[in-house]
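# Residue-level structure breakdown
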Amino acid sequence: MKIVTKNIPIQNEIFTITNQRAAFWEKEKALILSDLHIGKTAHFRKNGIALANEIMKNDLNRLSILITYFNPEKLIVVGDLLHAGDNSDVDEFCNWRNRYPDLQFYLIEGNHDKISQAVEAKLCLSSKSKHIEINEFYFIHDFDKKIENFQITGHIHPGITLHSAIKNIRLPCYVLTSNQLLLPAFSEFTGLDTKNIPKGGQFFVFTDTEIYEI
């Protein structure tokens, strides 16, 4: 796995975006990502669709490599940590989480995060809330037009279609506007929304080896 980084200035701060679907805020020692959808493969298997558990394991392995690379003190998940409540994948995630006892774990609740008290205890969260504010940055799962602060969001699973004479290619991206940083879905087992992304912003498209601004 190759980690490619690009520093982008936001509100007089520097955030480092990566081609591995997560951003790092050096000042706060915070690794920031969204839409892991833990339990999605188990949910499909329960409903008769055979999917390998390697999908989630690959996501967690990628996250472990990012933690080793950046050495964060905080992990901020901007919604949809889980996909469909409690299942065997959640237990596996909790075992993974226990490998990082000193890592502060902040969850901003997303529309999929139906978390019982029992599951919350297993997850070992430092905080679970609808939003958090850090130094005037507002972390929330889906963009809220009523909020004046700069928002860091997820939810949409943003993507861009690149057109060529041979074929069209859909790639995940970050979107930066004057008041929002929209994160890509961290899990690779998600679709891409190329229609509902913010307009008039900067688009940072990435592949396994590069980050491109378009």
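What comes next is a walk through the structure. Computed from a predicted structure; not experimentally measured.

## Comments concerning the overall build of the protein chain
Of the regular secondary structure elements, the protein chain holds 4 helices and 15 strands. Counting all 214 residues of the protein chain, 54% fall into the buried class. Of the contacts made within the protein chain by residues no fewer than 6 positions apart, 66% connect residues no fewer than 24 positions apart. Within the structure as shown, the protein chain displays about 10400 Å² of accessible surface, and the carbon and sulfur contribution to it stands at 48%.

## As for helix H2 (residues 54–70)
Between the first and last C-alpha of H2 there are 24 Å, a value that for 17 residues agrees with the 24 Å anticipated at 1.5 Å per step. Among all positions of H2, only Met-56, Asp-59, Leu-60, Arg-62, Leu-63, Ser-64, Leu-66, Ile-67 and Phe-70 are buried. Once H2 ends, the next one or two residues include Asn-71, with phi positive near 50°.

## Things to note about the nonpolar core
Grouped together as the largest cluster of nonpolar side chains are 30 residues, with contacts concentrated most on Leu-31, Leu-33, Leu-36, Ile-38, Leu-63, Leu-81 and Phe-93. For this core, the secondary-structure elements that each account for two or more residues are strand S4 (30–33), H2, strand S5 (74–77), helix H3 (88–97), strand S6 (104–108) and helix H4 (117–123). Top contributing element to this core by residue count: H2, with 6 residues. If sequence neighbours within four positions are ignored, Leu-33 has contacts with Arg-21, Ala-22, Leu-63, Leu-75, Ile-76, Val-77, Val-78, Leu-183 and Phe-186. Ile-10, Phe-15, Ile-108 and Phe-150 belong to the second largest nonpolar core, which has 26 residues in total.

## Details of H3
Among the residues of H3, Asp-89, Val-90, Phe-93, Cys-94, Trp-96 and Arg-97 are the ones counted as buried. The buried side chains of H3 occupy one side of the element, clustering within an arc of 155° when seen end-on.

## What about the packing of aromatic side chains?
If you walk through the whole model with that rule in mind, you get 11 aromatic pairs. One aromatic cluster is present, formed by Phe-15, Trp-25, Phe-137, Phe-139 and Phe-150 through successive ring pairs. Taking the ring centre of Phe-186 as reference, the NZ or CZ of Arg-62 above it sits at 4.1 Å.

## A short note on the environment of Ile-108
Position of Ile-108 among the secondary structure elements: in strand S6. On the accessibility criterion, Ile-108 (0% relative accessible area) is buried. Counting along the chain gives 22 residues from Ile-108 to Lys-130, while the straight-line C-alpha distance between them is 5.3 Å.

Conventions and cut-offs
- Residues numbered from 1 in each chain as written.
- Predicted model: local features only at pLDDT ≥ 70, side-chain atom pairs only at ≥ 80, totals over all residues.
- Heavy atoms only, no water.
- Helix = DSSP H or I, 4+ residues; strand = E, 2+ residues; numbered from the N terminus.
- Buried < 20%, exposed > 50% of the residue type's maximum accessible area, 1.4 Å probe, protein only.
- Contact = heavy atoms within 4.5 Å.
- Areas by Shrake-Rupley, 256 points an atom, 1.4 Å probe, with all protein chains shown as cover.
- Expected span 1.5 Å × (residues − 1).
- Core = buried A, V, L, I, M, F, W, Y, C linked by side-chain atoms within 4.5 Å.
- Arc of directions from axis to C-beta.
- Phe/Tyr/Trp six-rings, centres within 6.5 Å; stacked < 30°, edge-to-face > 60°.
- Lys NZ or Arg CZ within 6 Å of the ring centre and 35° of its normal.

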